[in-house]
Each structure stands twice: as structure tokens, then as C-alpha cells.
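Coordinate inspection notes
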Amino acid sequence: VSRFEGVKMAPPDPILGVSEAFKADTDDLKLNLGVGAYRTEDLRPYVLNVVKKAENMMLEKGENKEYLPIEGLAAFIKATVELLLGADNDVTKQGRVATVQGLSGTGSLRLGAAFIQRYFPGTQVLISSPTWGNHKNIFNDAGVPWSEYRYYDSKTVGLDFEGMLADIKAAPSGSFVLLHGCAHNPTGIDPTPDQWEKIADVIQEKNHTTFFDVAYQGFASGSLDEDASSVRLFVARGMEVFVAQSYSKNLGLYAERIGAINVVCSSSEVANRVKSQLKRLARPMYSNPPVHGAQIVANVVGNPVLFDEWKSEMELMSGRIKGVRQRLYANLSAKDKSGKDWSFVLRQIGMFSFTGLNKAQSENMSSKWHIYMTKDGRISLAGLSLSKCEYLADAIIDSYY
Ligand SMILES: Cc1ncc(COP(=O)(O)O)c(CNOCC(=O)O)c1O
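Summary of the structure given here. (Residues numbered from 1 in each chain as written. Predicted model: local features only at pLDDT ≥ 70, side-chain atom pairs only at ≥ 80, totals over all residues. Heavy atoms only, no water.)

Considerations on the side chain of Ser-230
As for its position among the elements, Ser-230 is in helix H10 (residues 229-236). From its side chain, Ser-230 meets the backbone oxygen of Gly-181 in a polar contact 2.9 Å long. Apart from the residues lying within four places of it in its own chain, the contact partners of Ser-230 are Gly-181, Trp-196 and Phe-212. (Helix = DSSP H or I, 4+ residues; strand = E, 2+ residues; numbered from the N terminus. Polar contact = N/O pair within 3.5 Å; in protein donor to acceptor, adjacent residues only side chain to side chain. Contact = heavy atoms within 4.5 Å.)

Points about the sheet that holds strand E8 (residues 209-214)
As summarised here, the arrangement of the seven strands in space is E2-E10-E9-E8-E7-E3-E4, forming an open sheet in which the pairing is mixed. Edge positions in the sheet fall to strand E2 (97-103) and strand E4 (146-150), since each of these pairs with one other strand and no more. On average, each strand axis in the sheet is inclined to that of its neighbour by 25°, with strand direction left out of account. Where strand E7 (residues 176-180) lies against E8, five bridges are found, and the strand directions are parallel. Across the sheet, the residue bridging to Leu-179 is Phe-212, located in E8. Together, E2, E8, strand E9 (241-246) and strand E10 (258-264) form the strand contacts of helix H3 (residues 74-85), whose direction differs from that of E10 by roughly 65°. Against the sheet, helix H8 (residues 193-205) contacts E7 and E8, and its axis sits at roughly 165° relative to E7. (Pairing = 2+ DSSP bridges. Axes fitted to C-alpha atoms, helices over the stretch in contact; angles between N-to-C directions.)

Considerations on the site of the ligand
With respect to spatial proximity, 17 residues lie near the ligand, and among them Ser-104, Thr-106, Asp-213, Tyr-216 and Ser-246 are the closest. One of the side-chain nitrogen or oxygen atoms of Asn-185 is found 2.7 Å away from an oxygen atom of the ligand. The fraction of the free accessible surface of the ligand (490 Å²) that becomes covered by protein chains is 93%. Among the elements that line the shell around the ligand, the one with the most residues is helix H5 (residues 104-119), at three residues. (Near = heavy atom within 4 Å. Areas by Shrake-Rupley, 256 points an atom, 1.4 Å probe, with all protein chains shown as cover.)

With respect to empty space enclosed by the protein
Rolled over the atoms, a probe with the dimensions of a water molecule shows which regions are left empty. In total, this model carries one cavity of 30 Å³ or more according to the counting rule given. Of the voids in this model, the largest cavity is the one considered here, and its volume is about 40 Å³. Every residue lining the largest cavity is listed: Tyr-149, Tyr-151, Met-164, Leu-179, His-180, His-184, Asp-190, Pro-191 and Trp-196. Within the lining of the largest cavity, the residues separate by chemical class into six nonpolar, two polar and one charged. (1 Å grid on protein atoms, 1.4 Å probe; cavity = no way out; pocket = protein on both sides within 12 Å on 5 of 7 lines; lining within 4 Å. Points joined across faces, edges and corners; volume = space filled by probe spheres on them. Nonpolar A, V, L, I, M, F, W, Y, C, P; charged D, E, K, R; others polar.)

Regarding H8
Taking 1.5 Å per residue as the helical rise, H8 with its 13 residues ought to reach 18 Å, and the 19 Å between its terminal C-alpha atoms agrees with that figure. Along H8, the residues that are buried comprise Gln-195, Trp-196, Ile-199, Ala-200, Val-202 and Ile-203. One side of H8 carries all its buried residues, which in axial view fall inside an arc of 165°. Exposed positions of H8 whose direction lies more than 90 degrees from the buried face are Pro-193 and Glu-205. Elements that come into contact with the buried residues of H8 comprise strand E6 (158-159), helix H7 (161-170), E7, E8 and H10. Phi turns positive one or two residues past the end of H8, at Asn-207, with a value near 55°. (Expected span 1.5 Å × (residues − 1). Buried < 20%, exposed > 50% of the residue type's maximum accessible area, 1.4 Å probe, protein only. Arc of directions from axis to C-beta.)

Concerning the packing of helix H15 (residues 359-369) against helix H16 (residues 389-400)
Where H15 meets H16, the axes come as close as 9 Å, and the angle between the chain directions of the two elements is 125°. With respect to H16, the element H15 is oriented oblique. Once H15 is placed against H16, the crossing between them reads as right-handed. Residues Gln-361, Asn-364, Met-365, Lys-368 and Trp-369 of H15 form the contact with H16, whose participating residues are Tyr-391, Leu-392, Asp-394, Ala-395, Ile-396, Asp-398, Ser-399 and Tyr-400. Classifying every residue of the contact of H15 with H16 by side-chain character gives seven nonpolar, three polar and three charged. (Parallel < 35°, antiparallel > 145°, perpendicular 65-115°, else oblique. Left-handed = near helix turned anticlockwise from the far one by under 90°.)

Considering H16
Across its twelve residues, H16 extends 16 Å between first and last C-alpha, which sits within 8% of the 16 Å expected from 1.5 Å per residue. Three or more residues of H16 are buried, namely Cys-389, Tyr-391, Leu-392, Ala-393, Ala-395, Ile-396, Ile-397 and Ser-399. Looking at the buried residues of H16, the elements they touch are helix H13 (304-335), H15, strand E12 (371-372) and strand E13 (378-380).

Note that every value here comes from positions in space, so none of it alone points to a role or purpose.
Next up, the structure:
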């Protein structure tokens, strides 16, 4: 008898498990609106032109395969913090940011969580309700307790701003507050600039520390600067913040696992100590990070021509998603005779639309219409083409009523 008899089968991942179900479906009409991965109009994965050009540069130059330092590739670290805070940001110039290359957004969140567990054992992190499916797993496995702040208001299909502020205010002083920098996943609902100011006020009043999760910079609005404005607002106020970054979406480097954890500190002396402890946590976790994705980011950002081309490709990707959002809304409002207001589909930004479909209704979407989405009612518009919007609208209306 095996020693592992007691090991039970794990449940399928709420997001990646949807893709498995999609693959098993043999119907030609099937649509995968589960995983947040960009597809072109003909529903194929997209490798950005700038990524191909950067890789050609690397092949010509010839890269060795030596270990990177624990903190990652120096050129990447310089590029990633400048993208986040702006090239001329004095916080960067003052050396007040501890930046360590992470295994994409997930690994960067995990490293930040490990730091919190080590230096603030028992202190909780507040996460939005709902939030990205993996946030709870990351903090659970890092041994960081979490509780939820109200975020989504199903009545208005908008932000429960009063509830959010109240819950952040009610939390014990010195809690960590996880905020999506832009393109909230799964709701697609972001605070307005004025609301960000009020959120910063409460966090400062309570001596909380913000943990920004920035997985869609440049992908939500098409502008790198606009999508970083919430982070830059908090940093401009002199707040110390954690920021996890990911290049999965905006540079399409999903499987390269490239991201960073940044800790903005009150002085460079503190930043150096924080960075040394982040490295100390990374070393026994994975020792040092992979070079390929870091080199691509460094080459794209470090080359003005490629950087500009990247910006236009991001506008193209976010523009295509805005187009399907509008087409979907047009079909929903034209077909639904009940007079329901579907305009929330237009107001939401980023890769996702939070349809308000419940678990049973989203199951009807897959069983009857072969459309795959997460059980919380989220659909990834990145997996939708203009030509499929009518079919999707029919399915949503059929499932909704
Ligand atoms: C908010 C957020 N943080 C972090 C991440 C981390 O992604 P990665 O580890 O690939 O950088 C993601 C990626 N989402 O995954 C796709 C999906 O929700 O269907 C994310 O959405």
C-alpha cells in the first residue's frame, strides 16, 4: 500500500480548471472566456512583435546561461521600477525602492507575503470581495491571515465605496491592504481618482500599509502612466507601499514568469535592509529567477524604438477589448426586451466583465452554450472576438432569465 494513501485529489483551480473543461468540450461553438489571456480577433494567442524583436536581438548578441543574482537582472530591475513610478521619479533617484525580480505576479505576491509573515506575524492583509482567485491561496500558504473588505455592489453592479472605506477603517491599525492598481480582477471596476484619494486618506489615518497588485499596467487603459496613477498617487504622498508587478498581460509574457516585488521605503538605508531580507527569503524558495523574460523586458524598455512600439501594441490590445465590450453591450441591450440596464458592461475596464451571472447560470453557459467562464460570473473579454459577441449575448440572456 502506498505511503501517500492519505493524499486526496485536489479540486480543480477555479480559473485554470475552466480551460481544462473547455479543452474537453468537442463542440465547434465552444468559447473559452475563462482564463485572462489575450487572444487576437481570430482567437489565437498573441506574441507581441516587440517581444520577437527583443528575442532576435538576444539571439544575435548571444546570452550566457549564468545564474542571475538573487534579486534578478539589474537591467530589468532598473526598467521595471521606472515603468512603475516614472523615469524621472525622485523616489527612484533617492534609492528608496527595494526591488527584487519575482516569478511573475504570483511569485512577487508570494515573496511579499513571506516578508509580511516574517516581520509582521499575525498581522492581517485585507483583500477585496471578490478578488483574484489566487490571492487567498497565496496568503494562506504564506501563513498570512486575511479578511475581506466590501468592494463589489451587486445592486449597482459598481463599487461599494462606502463599504470599502468602512471595512478598511474598521480593521486593526497597521493592517496590510491589498489593492488592485488598475483593472480590478474579476469585477473590472476601479475607484475614480477622487476615490483613490479617500482610500489613501483612510490608509494613512489607520497607519495601514498598502500592497498594490499591478498585473495590468498599460493593458487596462492602453497607457502605462494612467494605469500606474493610483500607485504614483500613494507614493507621492510619501507612503511606504508594496507593489507586485507582472508582465504576463501587458507584454504577453505569461509563461516566462517575469514580474517584480517593489517595496517603497522612507529612506534608502531602510530600502537596502528590506531588499537584503527579500533576497534572504528568495534564496531558499527558488534561489534566483529566470533570465529570459527579464532580458526581454529590459530590451524592450531600454530601446526607445521598441518601447514606443510596445506602447502602440498595448493600445491595440486594449483597443480590441474595448471594441468587443462595446459590441457585446450593443447586442445585449438590443436583444434584451426586459429593459435591463446592461451599461455596466461598458463601464468596466481591463480584460474582464463581471456579468452578475450566478454559479448555476454560468453552468448553463457551459452546459447549454459551450461557453466557459469562471463560476463567479466573470468573463474574459480577451478571449472574445467581435464575430462571437452576438452568440455570447444570446447565451447570457438565455442564462440570465
Ligand atoms: C489581479 C492579478 N494579480 C496577479 C496575477 C498574476 O499573474 P502572473 O502570476 O501570471 O503574473 C493575475 C493574473 N490573472 O490570471 C489570469 C486570470 O485571472 O484568469 C491577476 O489577475
